[in-house]
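So you can see what is in the structure, the chains are spelled out below.
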Amino acid sequence: MLRRAFLRVAPALALLAACSKSAKIRLALNWKPEPEFGGFYAAPFDKHGLDVEILPGGAGTPTVQMVGAGSAEFGIVEADELLLARSKGNPVVGLFTVYQHSPLGIMVHAERNLTSIGDVLKEGTLAVQQGLPYVRLLEKQYGFQHVRVVPSPGGDLTAFLADPKFAQQVFITSEPLAARRKGVAVKVFPVSDIGYDPYTNVLATSDETLRKSPEMVKSMVAAAREGWRVYLDDPKATNEKMHQMNPSMDAETFAEVAEAQKALIEDDETRKNGLGAMTKARWETLIGQLKDLGYIPMAIPAEECFRAL
Amino acid sequence: MKAFRNILPPLIPFVAITAAMEFLVRGGFIRSYLLPAPSAVFLAIWENWGELAQAMLKTSASAMAGFALSTFTGIAAAVLLSSSRWVQKAFYPYAVFFQTVPVIAIAPLLVIWFGYGMQTVIASAFVVSIFPVIANTLSGILSTDPALRDLFRLYGATPAMTLFKLRFPAALPQIFTGLRVAAGLAVIGAIVGEFIGGGGLGSVVDVARTQQRVDKVFAAVLLASLLGLALFGLINLISGITLRRWHASEQSL
């Protein structure tokens, strides 16, 4: 009886053993292969002696938990997500940020002639991912009495196109292009307008991995930085590679998004300190904001949250 | 004493599983941001009771409305389908469509058709719960004892009379089986509907997940399963009352 049970699980055990032997380094993405990850797909990992497997994700892929649990050595997370995780006893640390400024924005129909985010909240419908810190900050600053707040439909534009009073949370590099292509004039207000501007698409690892293999982590960051340099200079080859993995985004959109996101990735800060660099001051601002909004019970030392390698 | 004997068997696995989970999390074998300790889940229910109770009321209203719609439409559809072989061949494949439709995929459309809010949630609960009602009712109506059917014909009963006095009552046990399956599905459908339409336990889960509040996610999930259990119990009660007098499935074991 026991032997039969063993025979049944034996293939699974063998598979487990095989997996742990190959020791690939896993990088978990929180979305499909798209330009926001271009630099990682362009990174020369071999040159740095790394055998990296990039794991594409989808809506709600819990990369922070994956990194904490060790099911991926590296993951792409948002800075606020990382702080939340740390405050819950999941020690994840940021290494390299793709976006210096948050790509989140609120998209509205241009015909409404709105001039600020505050105007958006005066009437109509607002589709946002409820639970995000910026949404609470928005509510705190302006109140939601006059606007109907509904769940975000993700990248889907059906409701937006059907209703001129519909405003929607977007990636400023992505949905506005799609809406314009459908012939709709839109205007986008970056969320950073209200002073909330977390580092976004942050390459992160766990405190444990950083402690155990500091050299490997360092090589990973170096490879990522080189990859992003390559992608910023000429995204064409990488875009083709990603388009094959994710045919639902067409080649033209890949090129457009890659161009549109450049301003968020490279600015005076990075020209001085290098691509992906983060500052203590920016982390401290975010920590203060999350504490004020009640997301974390007490301030976390900023120097624990990120490492400059 | 009888109540105690009924409650004890399901209580034992509950206590055992809860204790084991608590032990695994507290002992550090499972990290609390991956699976919350049961005590943390109960604490989350306690601390957020106002919000959760309100959300649960809203979800139950939508789930019950969707379920009621499924019950009436489903049974009516099955009666129609049973009326002739031809009708059945022509329309049954489209009933199967409801079973296979991925609600998540058509969700944005539901929002466009019914707007944000409760109608979308009810529609979602309806779409996912109607098929088991149709399938079970139809199979029940079609498997009437042929001897009894002959008897009705012999005495010159009209088709309507045969339907209401023989075929429908005889199908009741199977109809209740369909309703039990549909009840659980209606709760799932309502919560999926709330992910996109807003409100209720679905929204609570969505927000808590964004905030990495695993304890609150589980609290909402626990309340949702209690809701499913309550609906299931309600149908068992009705089924017991209706079938007790004549069907083996409801006579005491």
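Parameters at a glance
- Residues numbered from 1 in each chain as written.
- Chains lettered and ligands numbered in written order.
- Predicted model: local features only at pLDDT ≥ 70, side-chain atom pairs only at ≥ 80, totals over all residues.
- Helix = DSSP H or I, 4+ residues; strand = E, 2+ residues; numbered from the N terminus.
- Buried ≥ 20, exposed ≤ 12 C-beta atoms within 10 Å, placed from the backbone.
- Contact = placed C-beta atoms within 7 Å.
- Pairing = 2+ DSSP bridges.
- Nonpolar A, V, L, I, M, F, W, Y, C, P; charged D, E, K, R; others polar.
- pLDDT = per-residue confidence, 0-100.
- Domains from an automatic or database assignment.
- Expected span 1.5 Å × (residues − 1).
- Arc of directions from axis to C-beta.

So, about the overall build of chain B. A count of helices and strands for chain B gives 10 helices and 0 strands. Helices and strands appear in chain B in the N-to-C order α-α-α-α-α-α-α-α-α-α. C-alpha atoms of chain B, sized along the principal axes, occupy 70 × 55 × 30 Å. Looking at chain B as a whole, 38% of its 253 residues qualify as buried. Intrachain contacts of chain B at a sequence separation of at least 6 include 75% that bridge at least 24 residues.

Phi at Asn201(A) is positive, roughly 60°, even though this residue is not glycine. With respect to the secondary-structure elements, Asn201(A) resides in strand S10 (residues 200-206). What makes Asn201(A) buried here is the crowd of 25 C-beta atoms within 10 Å. Unusually for a residue other than glycine, Gln212(B) sits at a positive phi of about 55°. Position of Gln212(B) relative to the elements: it lies in the loop between helix H9 (200-210) and helix H10 (214-243). For Gln212(B), a count of 21 C-beta atoms within 10 Å translates into the label buried.

Residues and elements named next belong to chain A. Of all 7 residues in S10, 7 are buried, a share of seventy percent or more. Pairing of strand S3 (residues 74-77) with S10 involves 4 bridges; the strand directions are antiparallel. When the bridges of S10 are listed, valine 77 appears paired with valine 202. Inspection of the sheet shows strand S4 (residues 92-99) paired to S10 by 6 bridges, in the antiparallel sense. Bridged to tyrosine 99 within S10 is threonine 200.

The next point concerns the interface of chain A and chain B. Accessible area lost when the parts come together is the quantity often used to give the size of an interface. Taken together, the contact pairs 21 residues of chain A with 18 residues of chain B. Listing elements by their share of the side of chain A that touches chain B, those giving two or more residues are helix H3 (63-69), helix H4 (79-87), strand S7 (148-151) and helix H7 (158-162) of chain A. Class assignment for the residues of the side of chain A that touches chain B results in 10 nonpolar, 9 polar and 2 charged.

Let us now look at the confidence of the model for chain B. All names here are of chain B. Of all residues in chain B, 98% have pLDDT values of 70 or greater, and the mean over the chain is 90. Looking over chain B, one finds the lowest element-wise mean pLDDT in helix H5 (residues 103-114), namely 83, and the highest in helix H3 (residues 49-82), namely 96. Scored as a complex, the prediction yields pTM 0.83 and ipTM 0.77.

What follows deals with H9(B). Side chains three or four residues apart in an α-helix point the same way, a direct result of the helix having 3.6 residues per turn. Among the 11 residues in H9(B), 9 count as buried, and that is most of the element. The complete set of buried residues in H9(B) reads Gly200(B), Leu201(B), Gly202(B), Ser203(B), Val204(B), Val205(B), Asp206(B), Val207(B) and Ala208(B). For H9(B), the elements touching its buried residues are S7 of chain A together with H3, helix H6 (118-142), helix H8 (159-197) and H10 of chain B. Directly after H9(B), the chain includes Gln212(B), whose backbone phi takes a positive value near 55°.

Residue and element names in this part refer to chain A. Under the domain assignment, chain A is made up of domain 1 (21-101 + 198-305) and domain 2 (104-194). Using C-alpha coordinates to define each centre, domain 1 is positioned 26 Å away from domain 2. At the junction of the two partners, domain 1 supplies 12 residues and domain 2 supplies 8 residues. For the side of domain 1 that touches domain 2, the elements supplying multiple residues, two or more each, are helix H12 (251-260) and helix H15 (280-292). In terms of residue class, the side of domain 1 that touches domain 2 is made up of 6 nonpolar, 4 polar and 2 charged.

Residues and elements named next belong to chain A. Taking 1.5 Å per residue as the helical rise, H15 with its 13 residues ought to reach 18 Å, and the 18 Å between its terminal C-alpha atoms agrees with that figure. All buried positions along H15 are accounted for by Trp283, Leu286, Ile287, Gln289 and Leu290. All buried residues of H15 fall inside an arc of 165° around its axis, so they share one side. Exposed side chains of H15 directed beyond 90 degrees from the buried face belong to Ala281 and Gly288. Those residues of H15 that are buried lie in contact with H4, helix H6 (133-142) and helix H16 (302-305). In the segment just after H15, glycine 294 is the residue with positive phi, at about 80°.

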